[in-house]
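So the chains spell out like this:
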Amino acid sequence: GHKFWFATATMAAAGKAGKMGKVKNKAPASMQVTAEQLLREAKERQLEVVPPPPKQKISDPEELQEYRLRKRKAFEDEIRKNRVLVTNWIKYAQWEDSQQELERARSVYERALDVAHRNVTVWLKYAEMEMRRKQIQHARNIWDRAVSIQPRASQFWYKYTYMEEMLGNVAGARQVFERWMQWQPDEQAWFSYIKMELRYKEVERARAVYEAFVMVHPDVKNWIRYARFELTHGNVPSARKVYERAVEFFGDDHLEEQLFVAFSRFEEQQKEY
């Protein structure tokens, strides 16, 4: 769009100016070029695009009050026509938010949740509004309700844990992860938890997560991952123990080649050291 075009035009012009040496006119050469081009561009564009209606800047309190009443009535009418159409609710709440009417925006989101509590987008937009306004306790409360109502929607958990970690509340993020793991989510969720612990050099805690992880997702590749984790942290005896436990777990009848190969390779490497 325009921004990209403007940037490239400015850069090109600046390049030209550099080659031409000193410019007499004190105004930067890039601006001379761009202003003309922009005018020409604008003229061409007017043929294609109908300009948007001017944004209403209202300074008179009474006018503002009327404008808001009119907008609210329009939003309420739309909702009456179709209560379950989520976009109507979101547009309404976002408009209230844009008017700095936080309480009203909250009230619209709450009404939307009465109608569509299983709709992921409503929860996300609601919590994101609170976060943007630095209303942390409110955001926390929304994520908390969202994960309770829809524990299988991993987006909620990811955003919740991320928020806590960004706030420097690692203990809080850990608690959320612990709650999440009780639902035995997919592998990616466990890796996120492990990675978080490792970001804070919490090897012991990461080990405990791995321990639970291989019980919930006992694939060969995950046991191997666990063993390699121990090896990466210089813990050879523990790595060996993980391999031995894996062999035991799968039993001689089900010993998978992949595990056997990984274990043998591990032992060979240890001999080399």
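Structure first, text after, so check above.
I will try to describe carefully the structure that is included in this document. (Residues numbered from 1 in each chain as written. Predicted model: local features only at pLDDT ≥ 70, side-chain atom pairs only at ≥ 80, totals over all residues. Heavy atoms only, no water.)

1. Side note on the overall build of the protein
Our working rule: By definition, any uninterrupted DSSP run of H or I lasting at least four residues is a helix, any uninterrupted run of E lasting at least two residues is a strand, and each is numbered from the N terminus. Each residue's exposure class comes from its accessible area (1.4 Å probe, protein chains only) as a fraction of the maximum for that residue type: buried when under 20%, exposed when over 50%, partly exposed otherwise. The contact rule is simple, with two residues in contact once any of their heavy atoms fall within 4.5 Å. Values of accessible area rely on a 1.4 Å probe in the Shrake-Rupley scheme; residue burial ignores everything except the protein chains shown.
Looking only at helices and strands, the protein features 14 helices and zero strands. Listed by position from the N terminus, the elements making up the protein come as α-α-α-α-α-α-α-α-α-α-α-α-α-α. Residues classed as buried in the protein amount to 35% of the 273 residues present. Taking contacts inside the protein between residues at least 6 apart in sequence as the whole, the part at least 24 apart equals 46%. Only carbon and sulfur atoms are counted for the fraction: they give 55% of the accessible area of the protein, which is about 17,800 Å².

2. With respect to the packing of helix H8 (residues 154-166) against helix H9 (residues 170-181)
In plain terms, the rule: Between N-to-C directions, angles cover 0 to 180 degrees, with each direction set by a line fitted to C-alpha atoms, over the stretch in contact for helices. Oblique is the label for any angle not under 35 degrees, not over 145, and not in the 65 to 115 range, which are roughly parallel, roughly antiparallel and roughly perpendicular in turn. Two helices crossing with the near one rotated counterclockwise from the far one by less than a right angle form a left-handed crossing, whereas a clockwise rotation gives a right-handed crossing. Note on residue categories: nonpolar means Ala, Val, Leu, Ile, Met, Phe, Trp, Tyr, Cys or Pro, charged means Asp, Glu, Lys or Arg, and polar means any other residue, Gly included.
It is the contact of H8 with H9, at a shortest axis distance of 8 Å, that shows an interaxial angle of 160°. Here H8 lies roughly antiparallel to H9, going by the angle between them. As for how H8 packs across H9, the hand of that crossing is left-handed. In contact with Ser154, Trp157, Tyr158, Tyr160, Thr161, Glu164 and Glu165 of H8, H9 contributes Gly172, Ala173, Val176, Phe177, Arg179 and Trp180. Tallied by class, the residues present in the contact of H8 with H9 amount to seven nonpolar, three polar and three charged.

3. Notes on helix H3 (residues 61-81)
Inclusion rule: An expected span of 1.5 Å times one less than the residue number is assigned to each helix. Here the arc refers to the set of directions running from the helix axis out to each C-beta atom.
Between its first and last C-alpha, H3 extends 30 Å over 21 residues, near the 30 Å set by a 1.5 Å rise per residue. Along H3, the residues classified as buried are Tyr67, Arg68, Arg72, Phe75 and Ile79. The buried residues of H3 occupy an angular sector of 130° when the element is viewed end-on, so they sit on one face. Those residues of H3 that are exposed and angled more than 90 degrees off the buried face are Glu62, Glu66, Leu69, Lys73, Arg80 and Lys81. Tucked inside the fold, the buried residues of H3 contact helix H4 (86-98) and helix H5 (102-115).

4. Observations regarding the side chain of Gln99
Counting through the fold element by element, Gln99 comes out in the loop between H4 and H5. Here Gln99 falls in the buried class, since its relative accessible area comes to 15%. Gln99 has contacts with Leu64, Tyr67 and Arg68, leaving out every residue within four places of it along the chain.

5. What to know about the packing of aromatic side chains
Any two aromatic rings considered together are summarised by their centre-to-centre distance and by the angle between their planes. Put simply, the rule is: Each aromatic pair joins two rings of Phe, Tyr and Trp (for Trp, the six-membered one) with centres within 6.5 Å, and gets the label stacked for planes under 30 degrees apart, edge-to-face for over 60, and tilted for any other angle.
Applying the stated criterion across every chain, the model contains 20 aromatic pairs. Centroid distance Tyr210 to Tyr226: 5.3 Å. Interplanar angle 0°. Geometry classified as stacked. Within this pair, whereas Tyr210 is found in helix H11 (residues 203-216), its partner Tyr226 is found in helix H12 (residues 220-232), the two being separated by 16 residues in sequence. With respect to burial, Tyr210 and Tyr226 carry one shared label: buried. Taking the centre distance of 6.5 Å and the plane angle of 35° together, the rings of Tyr226 and Phe229 count as tilted. With a gap of three residues between them, Tyr226 and Phe229 both fall in helix H12, about one helical turn apart. A relative accessible area of 3% means that Tyr226 is categorised as buried.

6. Concerning helix H7 (residues 136-149)
For H7, with 14 residues, the first-to-last C-alpha span of 20 Å sits near the 20 Å given by 1.5 Å per residue. For H7, every residue scored as buried is listed here: Ala139, Ile142, Trp143, Ala146 and Val147. One face of H7 carries all of its buried residues, which in axial projection span an arc of 125°. Those residues of H7 hidden inside the fold are in contact with helix H6 (120-132), H8 and H9.

7. Some points on the environment of Ala127
Looking at the secondary structure, you find Ala127 in helix H6. Taking the C-alpha atoms as reference points, Ala127 and Phe156, separated by 29 residues in sequence, lie 9.6 Å from one another.

8. Some words on the pattern of salt bridges
Any two side chains of opposite charge can pair, on the condition that their charged atoms come close. Note the threshold: Salt bridges are identified by distance alone: a Lys or Arg side-chain nitrogen within 4 Å of an Asp or Glu carboxyl oxygen.
Scanning the entire structure with this criterion turns up 24 salt bridges. Measuring nitrogen to oxygen at the nearest pair gives 2.5 Å for the salt bridge that ties Glu211 to Arg245. Linking Glu211 in helix H11 with Arg245 in helix H13 (residues 236-250), this pair joins segments that are 34 residues apart in sequence. Here the residues in one salt-bridge network are Arg68, Arg72, Glu96 and Glu101, joined through shared partners.

9. A word on the packing of H3 against H4
Packed helices, taken two at a time, are described by their axes: the angle between them and the distance between them. One can describe the packing of H3 onto H4 by two numbers: an axis separation of 9 Å at closest approach and a directional angle of 165°. The pairing of H3 with H4 is recorded here as roughly antiparallel in orientation. When you trace H3 past H4, the crossing you get is left-handed. Mapping the contact onto sequence places Tyr67, Arg68, Lys71, Arg72, Phe75, Glu76, Glu78 and Ile79 in H3 and Asn88, Trp89, Lys91, Tyr92, Trp95 and Glu96 in H4. Looking at side-chain class alone, the contact of H3 with H4 contains six nonpolar, one polar and seven charged residues.

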